[in-house]
Amino acid sequence: MKKPLSIFLLICLTFQPGCASIVGGKRQTVRVESNPVGATVKTNREDVEGITPTSLVLSRKHEYQLIIEKKGYKTRKVFVDQDLRGWFWMNILSWGLIGIIVDLAPGSAYEHEPETVIVTLEEE
């Protein structure tokens, strides 16, 4: 099992700028759950929404505010922040500026935190 991982890392280090783009892409799935279930989830940025429990596929390029609503309950807002991914730092060891640009431009250098959002809604 170590050999395939070693080969993959060697390729990233020597031939491929933008390791984070290759490994994770421009979008990330964020899971949203609520108690009670059946709440509507919307974002402040994109036309992405769902009914809990759900998974939202969000661009890594932005931070988000999730708006979670259900009739008879108080609206909750939860922030989904960005953080630099570990794969982004591989660019320093390999292609430097080229890899940094390749990862930062589409947002692939980032990951969303939290990856799973769980909220308990309060009755009005």
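Not measured: the values here are computed from a predicted model.

Draft legend 1. How the structure looks around the overall build of the protein chain. A tally of regular secondary structure across the protein chain gives 4 helices and 8 strands. Its helices and strands taken in sequence order, the protein chain reads α-α-β-β-β-β-β-β-α-α-β-β from the N to the C terminus. Looking at the protein chain residue by residue over its 124 residues, the buried ones come to 33%. Across the protein chain, every contact between residues at least 6 apart in sequence was considered, and the portion connecting residues at least 24 apart equals 64%.

Draft legend 2. Inspection of unusual backbone geometry at higher detail. In this structure, Pro-36 follows Asn-35 across a cis peptide bond, with omega equal to 5 degrees. Turning to its location among the elements, Pro-36 is positioned in the loop between β1 (27–35) and β2 (40–43). Residue Pro-53 is bonded to the preceding Thr-52 through a cis peptide linkage, with omega at -5 degrees. Mapped onto the elements of the fold, Pro-53 is located in the loop between β3 (49–51) and β4 (54–59).

Draft legend 3. Spotlight on the nonpolar core. Membership of the largest hydrophobic core comes to 15 residues, with the highest contact counts inside it found for Val-32, Leu-56, Leu-66, Ile-68 and Val-117. Elements that contribute at least two residues to this core include exactly β1, β4, β5 (64–69), β6 (76–84) and β8 (116–120). A total of 3 residues in this core trace back to one element, the largest contributor, which is β5. Those residues in contact with Leu-56 that lie beyond four places of it in its chain are Gln-28, Thr-29, Val-30, Val-32, Val-41, Thr-43, Val-48, Glu-49, Gly-50 and Leu-66.

Draft legend 4. Main features of the pattern of salt bridges. This structure, assessed with the given rule, holds 2 salt bridges. Between Glu-33 and Arg-31 there is a salt bridge, and its shortest N-O distance comes to 3.5 Å. Here Glu-33 falls in the partly exposed class, since its relative accessible area comes to 28%. In this structure, Glu-122 engages Lys-74 in a salt bridge whose closest nitrogen and oxygen atoms are separated by 3.7 Å. Remark: Lys-74 occurs in the loop between β5 and β6 and Glu-122 occurs in the segment after β8; sequence separation between them is 48 residues.

Draft legend 5. Structural context of a negative patch on the surface. On the surface, Glu-63, Asp-81, Glu-113 and Glu-115 cluster together into a negatively charged patch. Checked against the element boundaries, Glu-115 lands in the loop between β7 (110–113) and β8.

Draft legend 6. Focus on the sheet that holds β8. The 3 strands lie next to each other as β4-β1-β8, forming an open sheet whose pairing is mixed. Each edge of the open sheet is held by one strand with a lone partner, namely β4 and β8. This sheet shows a mean twist of 25 degrees between the axes of neighbouring strands, independent of strand direction. Direction of pairing for β1 relative to β4: antiparallel, over a ladder of 6 bridges. Looking at β4, one finds that Arg-31 is bridged to Ser-55.

Reading the values: rules and limits
Residues numbered from 1 in each chain as written. Predicted model: local features only at pLDDT ≥ 70, side-chain atom pairs only at ≥ 80, totals over all residues. Heavy atoms only, no water. Helix = DSSP H or I, 4+ residues; strand = E, 2+ residues; numbered from the N terminus. Buried < 20%, exposed > 50% of the residue type's maximum accessible area, 1.4 Å probe, protein only. Contact = heavy atoms within 4.5 Å. Core = buried A, V, L, I, M, F, W, Y, C linked by side-chain atoms within 4.5 Å. Salt bridge = Lys/Arg side-chain N within 4 Å of Asp/Glu carboxyl O. Patch = residues over 30% accessible without salt bridge, like charges linked within 9 Å, V, L, I, M, F, W, Y side chains within 5 Å. Areas by Shrake-Rupley, 256 points an atom, 1.4 Å probe, with all protein chains shown as cover. Lys, Arg positive; Asp, Glu negative; His and termini not counted. Charge placed at Lys NZ, Arg CZ, Asp CG, Glu CD. Pairing = 2+ DSSP bridges. Axes fitted to C-alpha atoms, helices over the stretch in contact; angles between N-to-C directions.

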